[in-house]
Amino acid sequence: MTEQSNVERKKIVYSGIQPTGIITIGNYIGAINNWLGMQDEYDCIFGIADLHALTVRQVPAEYRARATSFFAQYLACGLDPEKSILYFQSHVAEHSELAWILNCYTYVGEMQRMTQFKDKSAKHEDNVNMGLLDYPVLMAADILLYQTSLVPVGIDQKQHLEIARDIATRFNNIYSPTFTVPEAYIAKSGAKIASLQNPSAKMSKSDPDPNAAVSIIDDPDTIMRKFKRAVTDCEPVVEYREDKPGVSNLLTIFSVMTGRSIDSLVEEYHDTGYAKFKADCGEAVVEKLRPVREEYLRLMDDKKYLADVAAKGAERARRIAARTMTKVKKKIGLVLA
Ligand code: TYM
């Protein structure tokens, strides 16, 4: 496809994942699974947000390996470089360039009020760096750079999307329409998958408890063990209820991974006891992820292919990004090179 014709024809979808911890089934259900379904209808751009994760100190060699592994996991899940642009954020310098410019249209107070900034600065008290505060502006740059209409994310990113919309609208009002004002696409089901060990908390990719989160490339035995240990409650009936967060979370995972409705699962498992319910849920996840893991292992043996796909993706991304940057620079009065 040529970028020009598709930009005119289809709406742009943009999203990304930070290469920290592991890609969990929460990331899969809340984000990647929705991306897969959008690839035919939209022009999709999916980045590995490797500049964002620098807000926390990384070990360089491990970081490089993890970012490559995440890229392979994108492909293994079925993101298709023939349909979508897949690339590393750091390969397209325009992200940082636009972030700087947007900084000048963003208020410090707005950033200090962001929930994630407050949480992360409490968690990393010894390293409350400017990047942590500025994180949402870089994310706005990611999105606005490509004239994105839709951003498929989990519920935890909603506030970041709102600020991206505010920044776009503010800029458009000062000058003239420059950026498409993006909308969050948050699926009704699975936008917040909970930890298997603490159903009141989000499943997090960097949870220190290894039983709390399932990686999309965990081996079958590990997946089964984690599901068998999943925290439920002491009233052994399978129902989707607010006061049964553990069971409801498993029902959501089971439903998304099999395509079955929650009602039909409740009907089948209502009185079977938790052991069978958890084992069958684990089995469904194993089966869904089996091809992902196999393809991932194959791809990790072909680093040259991964590098080629990333290079092509970055080149295509750069072309779109450069157009937006020229437009922005003209509007704000920079002398064009
Ligand atoms: P990140 O890396 O924390 O998460 C990646 C995606 O997974 C979703 N997600 C979840 N969904 C359901 N249940 C969960 N437990 C769960 N945990 C995470 C997130 O909502 C997200 O969609 N700032 C972003 C990365 C980013 C980005 C962007 C996203 C950078 N630039 C531009 C969209 C557009 C982040 O940290 O996501």
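Anyway, here's the lowdown on the structure attached to this text. (Residues numbered from 1 in each chain as written. Predicted model: local features only at pLDDT ≥ 70, side-chain atom pairs only at ≥ 80, totals over all residues. Heavy atoms only, no water.)

**With respect to the overall build of the protein**
Logical step 1: Across its full length, the protein holds 13 helices and five strands.
Logical step 2: Computed over its C-alpha atoms, the radius of gyration of the protein comes to 21 Å, within 12% of the 20 Å expected for a compact globule of 337 residues.
Logical step 3: A sequence separation of at least 24 residues applies to 76% of the contacts in the protein between residues at least 6 apart.
Logical step 4: Distance between charge centroids for the protein: 5 Å, based on 42 positive and 44 negative side chains. (Helix = DSSP H or I, 4+ residues; strand = E, 2+ residues; numbered from the N terminus. Rg over C-alpha atoms; globule rule 2.2 N^0.38 Å. Contact = heavy atoms within 4.5 Å. Lys, Arg positive; Asp, Glu negative; His and termini not counted. Charge placed at Lys NZ, Arg CZ, Asp CG, Glu CD.)

**Brief notes about the packing of aromatic side chains**
Logical step 1: Per the counting criterion, the structure on display carries 12 aromatic pairs.
Logical step 2: Geometrically, the ring pair formed by Tyr87 and Tyr146 is edge-to-face, given 6.3 Å between the ring centres and 70 degrees between the ring planes. On the criterion of sequence distance, the pair formed by Tyr87 in strand 3 (residues 85-88) and Tyr146 in the loop between helix 7 (130-145) and strand 4 (150-152) is long-range, its members being 59 residues apart. Of the two residues examined, Tyr87 and Tyr146, each falls in the buried class.
Logical step 3: An angle of 40 degrees between the planes, with centres 4.8 Å apart, marks the rings of Phe171 and Tyr175 as tilted.
Logical step 4: Put simply, the rings of Tyr105, Phe171, Tyr175 and Phe179 pair up and form one aromatic cluster. (Phe/Tyr/Trp six-rings, centres within 6.5 Å; stacked < 30°, edge-to-face > 60°. Buried < 20%, exposed > 50% of the residue type's maximum accessible area, 1.4 Å probe, protein only.)

**Looking at the site of the ligand**
Logical step 1: Around the ligand sit 27 residues in total, of which Tyr135, Asp142, Gly154, Asp156 and Ile193 are the nearest.
Logical step 2: At 2.6 Å from a nitrogen atom of the ligand is found a side-chain nitrogen or oxygen belonging to Asp142.
Logical step 3: The contact in question runs from an oxygen atom of the ligand to an N or O atom on the side chain of Asp156, over 2.4 Å.
Logical step 4: Coverage of the ligand by the protein chains reaches 97% of its 710 Å² of free accessible surface.
Logical step 5: Its residues assigned to classes, the shell around the ligand comprises 12 nonpolar, 10 polar and five charged. (Near = heavy atom within 4 Å. Polar contact = N/O pair within 3.5 Å; in protein donor to acceptor, adjacent residues only side chain to side chain. Areas by Shrake-Rupley, 256 points an atom, 1.4 Å probe, with all protein chains shown as cover. Nonpolar A, V, L, I, M, F, W, Y, C, P; charged D, E, K, R; others polar.)

**Some thoughts on the pairing of strand 3**
Logical step 1: What you see with strand 3 is no split at all: Ile85 and Tyr87 on one side and Leu86 and Phe88 on the other are buried throughout.
Logical step 2: In this structure, strand 2 (residues 43-48) lies alongside strand 3, joined through four bridges in parallel fashion. When the bridges of strand 3 are listed, Gly47 appears paired with Tyr87. (Pairing = 2+ DSSP bridges.)

**Notes on the side chain of Gln18**
Logical step 1: On the secondary structure map, Gln18 appears in the loop between strand 1 (12-17) and helix 2 (25-38).
Logical step 2: Reaching out from Gln18, the side chain makes a polar contact with the backbone nitrogen of Ala53 at a distance of 3.3 Å.

**So, the pattern of salt bridges**
Logical step 1: This structure, assessed with the given rule, holds 17 salt bridges.
Logical step 2: A salt bridge links Lys329 to Glu97; its shortest N-O distance comes to 2.8 Å. Here Lys329 is found in helix 13 (residues 303-332), whereas its partner Glu97 is found in helix 4 (residues 94-103), with 232 residues between them in sequence.
Logical step 3: Glu97 sits in the partly exposed class, given a relative accessible area of 31%.
Logical step 4: Glu162 is the salt-bridge partner of Lys158, the closest N and O atoms lying 3.8 Å from each other. Linking Lys158 with Glu162, this pair stays in helix 8 (residues 158-174), spanning four residues, or about one helical turn.
Logical step 5: A network of salt bridges, in which partner residues are shared, links Asp233, Glu235, Glu239, Arg241, Asp243 and Lys244. (Salt bridge = Lys/Arg side-chain N within 4 Å of Asp/Glu carboxyl O.)

**Points about helix 10 (residues 245-258)**
Logical step 1: The end-to-end C-alpha distance of helix 10 is 20 Å, a good match for the 20 Å that 14 residues give at a rise of 1.5 Å each.
Logical step 2: Three or more residues of helix 10 are buried, namely Gly246, Val247, Ser248, Asn249, Leu250, Leu251, Thr252, Ile253, Phe254, Ser255, Val256 and Met257.
Logical step 3: Taken together, the buried residues of helix 10 touch helix 2, helix 9 (220-228), helix 11 (262-269) and helix 12 (274-300).
Logical step 4: Just past helix 10, the residue Gly259 takes up positive phi, approximately 80 degrees. (Expected span 1.5 Å × (residues − 1).)

**Considerations on the environment of Glu268**
Logical step 1: Among the structural elements, Glu268 can be located in helix 11.
Logical step 2: Here the alpha-carbon distance between Glu268 and Val238, two residues 30 residues apart in the chain, equals 9.1 Å.
Logical step 3: A distance of 2.8 Å separates a polar atom in the side chain of Glu268 from a polar atom in the side chain of Arg260.

**Some thoughts on the nonpolar core**
Logical step 1: Counting residues in hydrophobic clusters, the biggest one holds 64 residues, and the most contacted among them are Ile25, Phe71, Ile216, Phe227 and Ile253.
Logical step 2: Among residues more than four places away in sequence, those in contact with Ile25 are Met203, Val214, Ile216, Phe227, Ile253, Met257, Val285 and Leu289. (Core = buried A, V, L, I, M, F, W, Y, C linked by side-chain atoms within 4.5 Å.)

**Thoughts on the pairing of strand 1**
Logical step 1: Across the six residues that make up strand 1, a large majority, five, are buried.
Logical step 2: Here six bridges tie strand 1 to strand 2, and the two strands are oriented parallel to one another. Considered in strand 2, the bridge of Val13 is made with Cys44.
Logical step 3: Of the crossover connections in this fold, the one passing from strand 1 over helix 2 to the parallel strand 2 is right-handed. (Right-handed = clockwise from strand over helix to strand, strands pointing away.)

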